[in-house]
Amino acid sequence: FAFWQQMCSPSVFLGARLLTSFILMCVFTTFAFGVFSLMHGSIANAWQFLCITLITGAGISSIFTISSSIATKTDNPGVLLPVLTFPVIMPVVLIGVKAGRKAVEQLDFSTILPEIGLLILFDILIVALGLMLIKFIWKGRLLGGETFYRGSQIRPYIVDSRSDLYRGSQIRRL
């Protein structure tokens, strides 16, 4: 992160990561939709189903992108990522499955519209919270300390704000 802090702002960096993961998720979702329709035949409400899967995929990709940026600032990101992601991703997946089932069952679009609106609301909320939190995550101040870099090491140290750096303070590694 030390290199990227000099190149761009935290919001631009997260926006680029969100856009890249969204494009990748759209490619995978479109491919999976093609395989699904090839194996199961044509779907009556194919455009509704594709719209729902793309909106759900956008939510999933943004959740994982923001959770991974939070988890990279810890000692064990592999352990923290599922713990952070699971409670946030379940509502998006459940609403997406419910809306997808309604689209496959050939129900009217007006019955699917509340789920689509809720999915879009979740996507907007996740991205907005991520853009607000990334400034604190980027600087390393989410834990209440200041970020200091020692020598050529990339990972920042957090110095407790109640102690003094120059008088043998307690330094914790992120």
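Predicted, not measured: the structure shown is a model, and the values here were computed from it.

Caption draft 1: Spatial organisation of helix α3 (residues 46–71). Compared with the 38 Å implied by 1.5 Å per residue over 26 residues, the 37 Å span of α3 between its first and last C-alpha is a close match. Counting buried positions along α3 gives 19 out of 26 residues, so the element sits mostly inside the fold.

Caption draft 2: Focus on the packing of aromatic side chains. By the definition in use, this model includes 2 aromatic pairs. When the centroid spacing of 6.0 Å and the interplanar angle of 35° are considered together, the rings of F33 and F49 count as tilted. Here F33 is found in helix α2 (residues 10–40), whereas its partner F49 is found in helix α3, with 16 residues between them in sequence. The same class applies to F33 as to F49, namely buried. Taking 5.6 Å as the distance between ring centres and 25° as the angle between the ring planes, the aromatic pair formed by F36 and F49 counts as stacked.

Caption draft 3: A look at the layout of surface pockets. The calculated volume of the largest pocket comes to roughly 270 Å³. Of all the elements in the fold, those that place two or more residues in the lining of the largest pocket are α3, α4 (77–104) and α5 (109–139). A total of 6 residues in the lining of the largest pocket trace back to one element, the largest contributor, which is α5. Grouping the constituent residues of the lining of the largest pocket by class yields 11 nonpolar, 2 polar and no charged. Taken as a whole, the second largest pocket holds about 170 Å³ of empty space. Taken together, M25, T29, F49, I52, T53, T56, G57, I60, V93, G96, V97 and G100 make up the full set of residues lining the second largest pocket. Only α2, α3 and α4 provide two or more residues apiece to the lining of the second largest pocket. Looking at which element gives the most residues to the lining of the second largest pocket, the answer is α3, with 6 residues. Grouping the constituent residues of the lining of the second largest pocket by class yields 6 nonpolar, 6 polar and no charged.

Caption draft 4: Structural detail: the pattern of salt bridges. Across all of its chains, the model carries 3 salt bridges by this definition. Note that E115 is salt-bridged to K98, the shortest N-O span being 3.7 Å. Here E115 is found in helix α5, whereas its partner K98 is found in helix α4, with 17 residues between them in sequence. You can call K98 partly exposed: its relative accessible area is 40%.

Caption draft 5: Region of the structure containing the packing of α2 against α3. Closest axis-to-axis distance for the α2/α3 pair is 8 Å, and the angle between their directions is 140°. In the packing of α2 onto α3, the handedness of the crossing is right-handed.

About the thresholds
Residues numbered from 1 in each chain as written. Predicted model: local features only at pLDDT ≥ 70, side-chain atom pairs only at ≥ 80, totals over all residues. Heavy atoms only, no water. Helix = DSSP H or I, 4+ residues; strand = E, 2+ residues; numbered from the N terminus. Expected span 1.5 Å × (residues − 1). Buried < 20%, exposed > 50% of the residue type's maximum accessible area, 1.4 Å probe, protein only. Phe/Tyr/Trp six-rings, centres within 6.5 Å; stacked < 30°, edge-to-face > 60°. 1 Å grid on protein atoms, 1.4 Å probe; cavity = no way out; pocket = protein on both sides within 12 Å on 5 of 7 lines; lining within 4 Å. Points joined across faces, edges and corners; volume = space filled by probe spheres on them. Nonpolar A, V, L, I, M, F, W, Y, C, P; charged D, E, K, R; others polar. Salt bridge = Lys/Arg side-chain N within 4 Å of Asp/Glu carboxyl O. Axes fitted to C-alpha atoms, helices over the stretch in contact; angles between N-to-C directions. Left-handed = near helix turned anticlockwise from the far one by under 90°.

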